[in-house]
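Fold and geometry: a report
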Amino acid sequence: MSTTHAETVDGALPHEPEKATLEGRNKVLSFWLFLGGEAVLFGTLFATFLALRNQTNEGPTAGELFQLPMTAAATLILLVSSLTSVFAVQAMHRHKVAALRVWLMITVLLGLGFLGLEIYEFAEYVRAEKFGMTTSAFSSAFYTLVGFHGAHVAFGVLWISVLIGQLYKKGLTVVTAPKVYVSAMYWHFIDVVWVFIFTVVYLLGKVG
Amino acid sequence: MAHAHSVKRHKGLMDWLTTVDHKKIAILYLLAGGLFFGIGGIEAVLIRLQLIKPMNDFVSAQTFNELITMHGTTMIFLGVMPVIFALMNAVIPLQIGARDVAFPFLNSLGFWTFLFGGILLNLSWIMGGAPDAGWTAYTPLSTTTYSTTHGVDFYTVGLQIAGLGTLIGGINFLATIITMRAPGMSFMRMPMFTWTSFITSAMILFAFPAITVGLVLLSFDRILGANFFEVANGGNPVLWQHIFWIFGHPEVYILILPAFGVISEVIPTFARKRLFGYSSMVFATILIAFLGFMVWAHHMFTTGLGPVANALFSIATMLIAVPTGIKIFNWLFTMWGGQIRFTSPNLFAIGFIPTFVMGGVTGVMLASAPADFQFHDTYFVVAHFHYVIVGGLVSGLLSGLHYWWPKMFGRMLNESLGKLSFWFFIIGFHLTFFVQHFLGLMGMQRRVFTYLPNQGFDTLNMVSTIGAILMGIGILIFLINAIVTATKPKGVADDPWEDGRTLEWAIPSPPPEYNFKQIPLVRGIDALWKEKMAGNKGMTPAEPLGPIHMPSPTILPFVMSVGIFIAGLGFMFSKEQFSNSFMSLIFNNWIVVIIGLLITFGSMLLRSLYDDHGWHIEVDELDEEGVKA
Ligand code: HEM
Ligand SMILES: [Cu+2]
C-alpha cells in the first residue's frame, strides 16, 4: 500500500483533521442535526410498530417467526462493525491512512454480512412462512421499520466504500477527513437504531 | 456589475439553474412560491364562486373536493413555505454578517427538490385527477377504497419530495446561524427575524421527518398493499391522524414564527425605537416552539381519545396563548411613544396585530374540548385558521416583501400601489373570513360542496365570496406593483428606509455577490443603528481587505432533483396496468425508479469525487465593485 499520501500530509495535518476547516466543522455540526431528524424518523416508525405489533390478522405472529440466534448474530456483527469504525477514526487521528482504510474495509465487510443475514431472513419469512408486506398490519410495520434500517445500512456500505476509494486517490486531507468522520457518526447511529430494533421488535416479540 | 471574474461564470438561464448564491436562490424561491401561490389563489376563488349561492352547480362535487384539497396543500406546502424561505435566504446571511449560507450547494438542492415536488403534485391536474381527500388526507378516505384515482399518490410522493427540500433548507439555516455569525454577534444580539427563523428551522428538523414517515406509510398502503390504515387487516386509521398532527401542529408554528420575526423587524424600524422586550421575545419564541410539539391532539378532540387526554391537550393548547400574548404586547409597547411612519410594510405589520389576535382568540375557544365538539369541522375552524394564516402569516410575508424588496432587487416598490393593495387585501380578508365564524356557529360544515337555501347561510356566503374577490384584487395590485417596479432603473440607497437598524442595511442594494467586502464587527443589538447613534458612517470592519473565496456554480442539484422526480413518478405508477407494453415493461419492473435513483446517486457520487475548490475574487476587483454610484 502506498504511504506517500500519508507522509506528505502527516506533518501539515492537525490532530483532528475533520475539524480543521470551517467547512469541516459545519459538516460535522449539521450531521449531528441531521441525525436528530433521523431520530424522529425512526421514532415515528417505532411508534407505528408498537401500535400495530399485535395486529397479526391471523398471519404469523412475532413469537412464531423470529429466530433469536440469527438475530443475535446479526446484532453482534453490527456492534463489532461499530467498534471497527471507532478504530478507523482513531487511525485517522493518528494520520495512519493505511490502517484507516483497512478498518473501513472491515466495517464494510461486516455491514455486508449483516445485510446478507437480513436478506436471508426476509426471504425465509416470505417463502416459508407466507409473511409478506401485505399479510397483516404487523407485517407491514415490521418490514417498513426493519427495512428502513436495512436500507440505511446498505447506503452506509456504499458510502464508506466510495470513501475508501477516495482515500486511495486523494489520501487523508482536510477535505476527506470530515467525510470519514461523518460516515462514522452515521454508522454508529444506525447501530444504535439496530439495538432498539433488536430489543423492541425481536426480544419483545419473543416475550410479549 | 456583470463583468466576468472567472471562466466558471454562466449566463442567462444556465446562471439560474446553476447558482449557489443565496440571494439568487431567494429570488428563485420567490418566483416558485409566487407561481404556486397564484395557482392556490385561483383554486380559492373557484371554491368561493361555487359557494356564492345555495345549490350551485358551478363545479361538480368531485372537482370541489379536488379544489379544496389542492388549495390547502398548495398554499401550506408550496405557497407560503417557499416565500418564507425566500425571505430567509435573502435576509439571514446579511443580517448575521456572513458571505453566504453554510452549505451553498445544499441550499440550491433544497430549492430544486422543493420545486420538483411541487410540480409533481400539480401534474395531478392533467394526469388523471388531483388528490381529493382534503389537505389532511385522513384515512380511510385517502385509501384506495375511497380515493380511487392516482390523486392521493401525487399527494404522498409530491409532498415527500418537496418536504425533503424543506428539511435540507432547515438544516442549512441552523448550521448557518450557529457557525457563520460575524464577530461580536452573540446569540442575544441576533436580529429577531434571524432568531425566529432559527427556531423555525429547528422545528422543521424535528417535525418534517414525522410527516415523511406518515407519507411513506400511506403510499405503501396505496401502492404496495400494506395495511397500516386498513382496518380489515388490522390497521389503524387514527394512527394517521396522530402522525399527521404531530407534524401538522408544529408546522403551523413553523409558518407563523418567521412572520413574527418580520413584524419584529418592521415595527421598530418604522417606530424609530428599539424592539421592546427583546429577551422576552426570544424566550417567547422558544417557548412557543416547545409547546407547539405537545398540543397536536387538539385537532383530534372528537376522535375519542377520552376525557383525560382531551383535558391535558386543552390546557397545553391554552398555554400557548401566554407567550403569544407576550409578543403582541411587546409590539404594542414598541410602537408606544414611537415616531411611527405608515409606510406600506408598516401598514401590513400593523394590520397583522389585531387580525392575528382575533385568530388567537378563536384558537383558545377551539382549545376548549367540550366547545370544540360544536366547532369542529365547521366554518368556525376555517375562519380560525385563515385568520392566523392569511391575516397573520400572509400579511407578515407581504410586510416583509415590501420591506426587503429594495434590498433584494435594488428598487423600491411603489408606495401608493403598496398602500392600495394593503387596503384591498385587509378589507377583503375580513369580509371573507369574519362572516365565516358565524356560518360555522350556525352549523355550516366545512368541505361541503353546496348547501340548501334558507338556513341563514345565503347572504353570509355571498359576502364571503365578494370579500375573496377584493382580496384577490389586492394581491393583483401587488403583482402589478412588482412588475412596474421591475421596469424602473436600479439604484436605491444602502438604507432606503433611512431608519434601518440591522446589518443588511449597511451594504449596497442589491448586495454584491460576496455581500460584505469586509466582515463587520458587531457591537450590540441593532448593529447598524448602534453605529449610527455613535455618529459613525458605517460598520467597523473585523478583518483586513483580502481576496474572497466563492463556491462554484453547479448543475448537480438540479440534476439530482430531476432524478428524484423521475423515481417518484416511477414509484407511483409501478403497479399501474398499462395498455402499452413498453410502458408496462419500464414501469412495472421498477426500471423508471432505478433510472431516477441512478441519476440522483450518480450526481451525489460526482459531487463527492470531485472537490469544489471554488474561486477567488481579488482585491482589485473588490475595489472596482465597492465604489458606489
Ligand atoms: C393561540 C394560538 C392557537 C390556538 C390556541 C389554536 C388552536 C386550534 C385548535 C384547537 C384547532 C382545532 C380545531 C378543530 O379542528 O376543531 C385549530 C385548528 C387549526 N389551526 Fe390553530 N390555534 C392557534 C394558532 C394557530 C396558528 C398560529 C396557526 C397557523 C399559522 C394555526 C393554524 C391552524 C390550522 C391550519 C387549523 C386547522 C387544521 C385543519 O383541520 O384543517 N393555528 N387551532
Ligand atoms: Cu394545532
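Conventions adopted
- Residues numbered from 1 in each chain as written.
- Chains lettered and ligands numbered in written order.
- Predicted model: local features only at pLDDT ≥ 70, side-chain atom pairs only at ≥ 80, totals over all residues.
- Heavy atoms only, no water.
- Helix = DSSP H or I, 4+ residues; strand = E, 2+ residues; numbered from the N terminus.
- Rg over C-alpha atoms; globule rule 2.2 N^0.38 Å.
- Buried < 20%, exposed > 50% of the residue type's maximum accessible area, 1.4 Å probe, protein only.
- Contact = heavy atoms within 4.5 Å.
- Near = heavy atom within 4 Å.
- Polar contact = N/O pair within 3.5 Å; in protein donor to acceptor, adjacent residues only side chain to side chain.
- Donors = N, O, S within 2.8 Å, 3.2 Å for Na, K, Ca; no water.
- Buried area = accessible area lost by both parts, 1.4 Å probe.
- Salt bridge = Lys/Arg side-chain N within 4 Å of Asp/Glu carboxyl O.
- Patch = residues over 30% accessible without salt bridge, like charges linked within 9 Å, V, L, I, M, F, W, Y side chains within 5 Å.
- Areas by Shrake-Rupley, 256 points an atom, 1.4 Å probe, with all protein chains shown as cover.
- Axes fitted to C-alpha atoms, helices over the stretch in contact; angles between N-to-C directions.
- Parallel < 35°, antiparallel > 145°, perpendicular 65-115°, else oblique.
- Left-handed = near helix turned anticlockwise from the far one by under 90°.
- Nonpolar A, V, L, I, M, F, W, Y, C, P; charged D, E, K, R; others polar.
- UniProt positions renumbered as here; feature names shortened; annotations may be inferred.
- Core = buried A, V, L, I, M, F, W, Y, C linked by side-chain atoms within 4.5 Å.
- pLDDT = per-residue confidence, 0-100.
- Phe/Tyr/Trp six-rings, centres within 6.5 Å; stacked < 30°, edge-to-face > 60°.

1. Overview of the overall build of chain B
Looking only at helices and strands, chain B has 19 helices and two strands in total. Relative to the globule expectation of 25 Å for 629 residues, the C-alpha radius of gyration of chain B, 25 Å, shows essentially globular dimensions. By principal-axis analysis of the C-alpha atoms, chain B measures approximately 70 × 65 × 45 Å. In chain B, which comprises 629 residues, the proportion classed as buried is 59%. Restricting the contact set of chain B to residue pairs at least 6 apart, pairs at least 24 apart contribute 82%.

2. Some points on the site of ligand 1
Residue and element names in this part refer to chain B. The full set close to ligand 1 counts 21 residues, and W135, D372, H376, H384 and R446 are the nearest of them. Within the side chain of H376, an N or O atom sits 2.7 Å from an oxygen atom of ligand 1. Between ligand 1 and R446, the relevant distance is 2.8 Å, taken from an oxygen atom to a side-chain nitrogen or oxygen of the residue. Where the shell around ligand 1 is concerned, the elements lending two or more residues are α7 (237–271), α10 (344–367) and α12 (379–409).

3. Things to note about the coordination of the iron atom of ligand 1
Residues and elements named next belong to chain B. Of all protein atoms, H384 (NE2) alone acts as a donor to the iron atom of ligand 1, lying 2.1 Å away. Here the copper ion (ligand 2) and the iron atom of ligand 1 are spaced 4.5 Å from one another. As for its placement among the helices and strands, H384 is situated in helix α12.

4. Side note on the coordination of the copper ion (ligand 2)
Residues and elements named next belong to chain B. For the copper ion (ligand 2), the full set of protein donor atoms is H249 (ND1), H298 (NE2) and H299 (NE2), at a range of 1.9 to 2.1 Å. One chain supplies every donor to the copper ion (ligand 2), and in sequence these donors are spaced H-x48-H-H. With a relative accessible area of 5%, H249 lands in the buried category. The class of H298 is buried, set by a relative accessible area of 14%.

5. A word on the interface of chain B and chain A
With 36 residues of chain B at the contact, the number on the chain A side is 33 residues. Summing both partners gives a buried area of about 2700 Å² for chain B against chain A, and 73% of it is carried by carbon and sulfur. Counting every contact that joins chain B to chain A gives two salt bridges. With a shortest N-O distance of 3.9 Å, D611(B) and K179(A) are connected by a salt bridge. Scanning the region where chain B abuts chain A turns up ten residue pairs in polar contact (both at pLDDT 80 or more). Elements represented by at least two residues in the side of chain B that touches chain A include exactly α5 (151–179), α6 (192–224), α7 and α18 (591–609) of chain B. At ten residues, α6(B) tops the list of elements feeding residues into the side of chain B that touches chain A.

6. Focus on a nonpolar patch on the surface
Residues and elements named next belong to chain B. Together, F276, F329, L332, F333 and W336 give the surface a local cluster of nonpolar side chains, amounting to about 570 Å² of exposed area. Of note, F276 is situated in the loop between α7 and α8 (278–292). On the accessibility criterion, F276 (41% relative accessible area) is partly exposed.

7. Focus on the packing of helix α2 (residues 22–50) of chain B against helix α3 (residues 61–95) of chain B
All names here are of chain B. Close contact between α2 and α3 brings their axes to 7 Å; oriented N to C, the two are set at 155 degrees. The angle between α2 and α3 places the two elements in the roughly antiparallel class. Read as a crossing pair, α2 and α3 show a hand that is left-handed. When its residues are assigned to classes, the contact of α2 with α3 shows 23 nonpolar, nine polar and one charged.

8. A look at the environment of L556(B)
Residue and element names in this part refer to chain B. Relative to the helices and strands, L556 resides in helix α16 (residues 556–572). By relative accessible area, L556 is classed as buried at 17%. Taking the C-alpha atoms as reference points, L556 and R189, separated by 367 residues in sequence, lie 36 Å from one another.

9. With respect to the UniProt feature "domain: Heme-copper oxidase subunit III family profile" (unreviewed entry) in chain A
This chain's UniProt record puts "domain: Heme-copper oxidase subunit III family profile" (unreviewed entry) on residues 29–206 of chain A. Within residues 29–206 of chain A, the helical portion is 85% and the strand portion 0%, while the C-alpha atoms at the span's ends are 39 Å from each other.

10. Some points on the nonpolar core
Core analysis: the biggest nonpolar cluster contains 224 residues, and F142(A) and Y202(A) have the highest contact counts within it. Setting aside anything within four residues of it in sequence, one finds F142(A) in contact with F49(A), F66(A), E121(A), F122(A), Y125(A), F131(A), G147(A), V201(A) and Y202(A). With twelve residues, the next largest nonpolar core counts I47(B), Y379(B), M444(B) and F457(B) among its residues.

11. Re the side chain of T485(B)
All names here are of chain B. Turning to its location among the elements, T485 is positioned in helix α14 (residues 458–487). Residue classification places T485 among the buried positions, given a relative accessible area of 3%. At a separation of 2.6 Å, a polar atom in the side chain of T485 contacts the main-chain carbonyl oxygen of N481. Here T485 is in contact with W405, R411, M412, L413 and N414, once residues within four sequence places are set aside.

12. Considering the confidence of the model for chain A
Confidence in the prediction of chain A, expressed as mean pLDDT, is 92, and 95% of residues score 70 or more. Of the regions scoring below 50 in pLDDT, residues 1–10 of chain A engages in 14 contacts with residues more than four places distant in sequence or in other chains.

13. Section: the packing of aromatic side chains
Aromatic ring pairs: the centre-centre distance and the angle between the two ring planes describe each pair. Summed over the entire model, instances satisfying the criterion amount to 79 aromatic pairs over all chains. Centroid distance F228(B) to F229(B): 6.3 Å. Interplanar angle 50 degrees. Geometry classified as tilted. F228(B) sits in the buried class, given a relative accessible area of 1%. According to the relative accessible area criterion, F229(B) is buried, its value standing at 1%. Both rings, one in F348(B) and one in F422(B), keep their centres 5.2 Å apart while their planes meet at 85 degrees; by these two values the pair is edge-to-face. Of this pair, F348(B) sits in helix α10 while F422(B) sits in helix α13 (residues 415–441), and the two are 74 residues apart along the sequence. Accessibility classification places F348(B) together with F422(B) in one group, the buried group. An aromatic cluster is defined as three or more aromatic residues linked by ring pairs; in this entry it consists of F49(A), F66(A), F114(A), F122(A), Y125(A), F131(A), F138(A), F142(A), Y143(A), W194(A) and Y202(A).

14. Points about the side chain of S264(B)
Residues and elements named next belong to chain B. Along the chain, S264 falls in helix α7. Residue class for S264 comes out buried when judged on its relative accessible area of 4%. Among the polar contacts listed, one links the side chain of S264 to the backbone oxygen of F260, at a separation of 2.8 Å. Ignoring any residue separated from it by four or fewer positions in sequence, one finds S264 in contact with M192, L275, M281 and W331.

15. What about the UniProt feature "transmembrane region" (unreviewed entry) in chain A?
All names here are of chain A. Within this numbering scheme, the UniProt entry marks residues 31–52, 73–92, 98–120, 141–164 and 184–205 as carrying the feature "transmembrane region" (unreviewed entry). Annotated as residues 31–52, this span is 100% helix and 0% strand, and its ends, taken at the C-alpha atoms, are 31 Å apart. Helix makes up 100% of residues 184–205 and strand makes up 0%, while its end C-alpha atoms are separated by 30 Å.

16. A closer look at unusual backbone geometry
Negative phi values dominate among residues other than glycine, just as trans dominates among peptide bonds. Residue and element names in this part refer to chain B. Cis geometry is adopted by the peptide bond preceding P140, which originates at T139 and carries an omega value of 0 degrees. Along the polypeptide, P140 turns up in the loop between α4 (104–123) and α5. Following S509, the chain continues into P510 via a peptide bond in cis, with omega recorded as -10 degrees. In this structure, P510 sits in the loop between α14 and α15 (527–533).

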